[in-house]
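Next come the chains, spelled out residue by residue.
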Amino acid sequence: MKYRTMRFIGGEENVSLLGLGCMRFPLNEDGTIDEAQAEAMIGRALNAGINYIDTAYPYHKGESEPFLGRALKKYPRTSFYLATKLPVWLVNSVEDAERLFKEQLSRLQTKYIDYYLLHALDAGRWEKLVKEGIIEWAEAKKASGKIRHLGFSFHDTYPVFREILTYRQWDFCQIQYNYINLTHQAGTEGLKYAASKGLGVVIMEPLLGGKLANLAPHVAEAFPEGKSHVEYALDFLWDKPEVSLLLSGMTEPEQVEANLEYA
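Quick caveat, the model's predicted, so the values are computed rather than measured. (Residues numbered from 1 in each chain as written. Predicted model: local features only at pLDDT ≥ 70, side-chain atom pairs only at ≥ 80, totals over all residues. Heavy atoms only, no water.)

*Asks:* How should I be thinking about the pattern of salt bridges in this particular structure?
*Replies:* Should the charged atoms of two oppositely charged side chains come close, the side chains can pair. All told, the structure shown has 18 salt bridges when counted by the stated rule. Notably, a salt bridge pairs Glu13 with Arg148, separated by 2.2 Å at the nearest N-O pair. A residue pair is termed long-range when its members are at least 10 positions apart, and Glu13 in strand β2 (residues 11-16) and Arg148 in strand β7 (residues 147-154) qualify at 135 residues. Glu35 is paired through a salt bridge with Arg70; the nearest N and O atoms lie 2.6 Å apart. A residue pair is termed long-range when its members are at least 10 positions apart, and Glu35 in helix α1 (residues 35-47) and Arg70 in helix α3 (residues 64-71) qualify at 35 residues. The exposure class assigned to Glu35 is partly exposed, which follows from its relative accessible area of 30%. Owing to a relative accessible area of 40%, Arg70 belongs among the partly exposed residues under this scheme. (Salt bridge = Lys/Arg side-chain N within 4 Å of Asp/Glu carboxyl O. Helix = DSSP H or I, 4+ residues; strand = E, 2+ residues; numbered from the N terminus. Buried < 20%, exposed > 50% of the residue type's maximum accessible area, 1.4 Å probe, protein only.)

Next up, the structure:
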């Protein structure tokens, strides 16, 4: 596994180029997480050097965080970085944020979150968070040590991204980006601007929900032989020094093995 350095005010951390996204675990027939298979995939990922695990309050209908809390208890807490997100659409007050954060700590069976994000920000959600004092609440949580690094994930236009990014000194951000989405949402311009401000940048949707892994024949013909379409898509991101790491939501053990080889 290769690593890159995320730098923050007062320190830095080495994160694996490949992060484990926890919204696409294998499922049982009834739609619940296949915990035995998912635990095996987590173990393989951690043992191979992945050290960044990303989940969120709503993933797997709310079951991703509790499952991870159980699955990660067998590993030293300092052997991985845990990222999760405040479901800002459920937050209308500081009291809401406090209640949800305490619930997340309980579900994840942890005393602190390494990388905490304000989830899926857009202009409307951002305006509400500022108005309700949620940014100051999150900063207080960071000062207390309950949150180690504070960031946000984003789904809106570049001007909104720039407005949020310049509001305060964030530690990192998470954006949707791949070789199709060069000008979509934050885009290449947002990636470069965030990096120029010293932020770590985490990439989600590197395969556009799997679409870049299963190309139409006339599109696939444009790629030279030698690599899989997945590897081309991931290399496109890893070749950019502004990218700190990318997240892959892996559903099958074979996907874990392939992505570990590429990383």
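*Asks:* I keep staring at helix α7 (residues 158-165) and nothing clicks. Help me out?
*Replies:* Given 3.6 residues per turn, any residue in an α-helix points the same way as the ones three and four places further on. Listed as buried for α7 are Tyr158, Val160, Phe161, Ile164 and Leu165. For α7, the angular spread of the buried residues around the axis is 160°, confining them to a single face. If you follow the buried residues of α7, they end up packed against β6 (113-121), α5 (123-131), β7, β8 (172-176) and α8 (187-196). (Arc of directions from axis to C-beta. Contact = heavy atoms within 4.5 Å.)

*Asks:* Would you mind showing me how to read the packing of α7 against α8 here?
*Replies:* To describe two helices that pack against each other, one gives the angle between their axes and the distance between the axes. Interaxial distance between α7 and α8 falls to 10 Å at its minimum, and their mutual angle equals 15°. Our classification of the angle between α7 and α8 gives roughly parallel. Pair α7 / α8 crosses with right-handed handedness. In this structure, α7 uses Tyr158, Phe161, Arg162 and Leu165 to contact α8, whose residues at the interface are Glu189, Gly190, Tyr193 and Ala194. Looking at the contact of α7 with α8 residue by residue, the classes come out as five nonpolar, one polar and two charged. (Axes fitted to C-alpha atoms, helices over the stretch in contact; angles between N-to-C directions. Parallel < 35°, antiparallel > 145°, perpendicular 65-115°, else oblique. Left-handed = near helix turned anticlockwise from the far one by under 90°. Nonpolar A, V, L, I, M, F, W, Y, C, P; charged D, E, K, R; others polar.)

*Asks:* How do you make sense of unusual backbone geometry when you look at a structure like this?
*Replies:* Glycine aside, residues mostly have negative phi, and peptide bonds are mostly found in the trans state. Its identity as a non-glycine residue notwithstanding, Ala120 has a phi of 55°, on the positive side. Positionally, Ala120 belongs in strand β6. A residue is classified by how much of its surface remains accessible, and Ala120, at 11% relative accessible area, is buried. Even without a glycine there, the phi angle at Glu205 is positive, about 55°. Structurally, Glu205 can be placed in the loop between β9 (200-204) and α9 (217-220). The class for Glu205 is partly exposed, based on a relative accessible area of 23%.

*Asks:* What's the story with the pairing of strand β3 (residues 18-21) in this structure? I'm lost.
*Replies:* Regular strands have side chains that alternate between both faces of the sheet. Side chains Leu18 and Leu20 project from β3 onto one buried face, and the interleaved Gly19 and Gly21 project onto a second face that is buried too. With three bridges joining them, β3 and strand β10 (residues 245-248) adopt parallel strand pairing. From the neighbouring strand, Leu18 faces β10, where its bridge partner is Leu246. As defined by bridge partners, β3 adjoins strand β4 (residues 52-54) across two bridges and the pair is classed as parallel. When the sheet's bridge partners are listed, Gly21 is paired in β4 with Asp54. Assessed by its sense of winding, the connection that carries the chain from β3 through α1 to β4 is right-handed. (Pairing = 2+ DSSP bridges. Right-handed = clockwise from strand over helix to strand, strands pointing away.)

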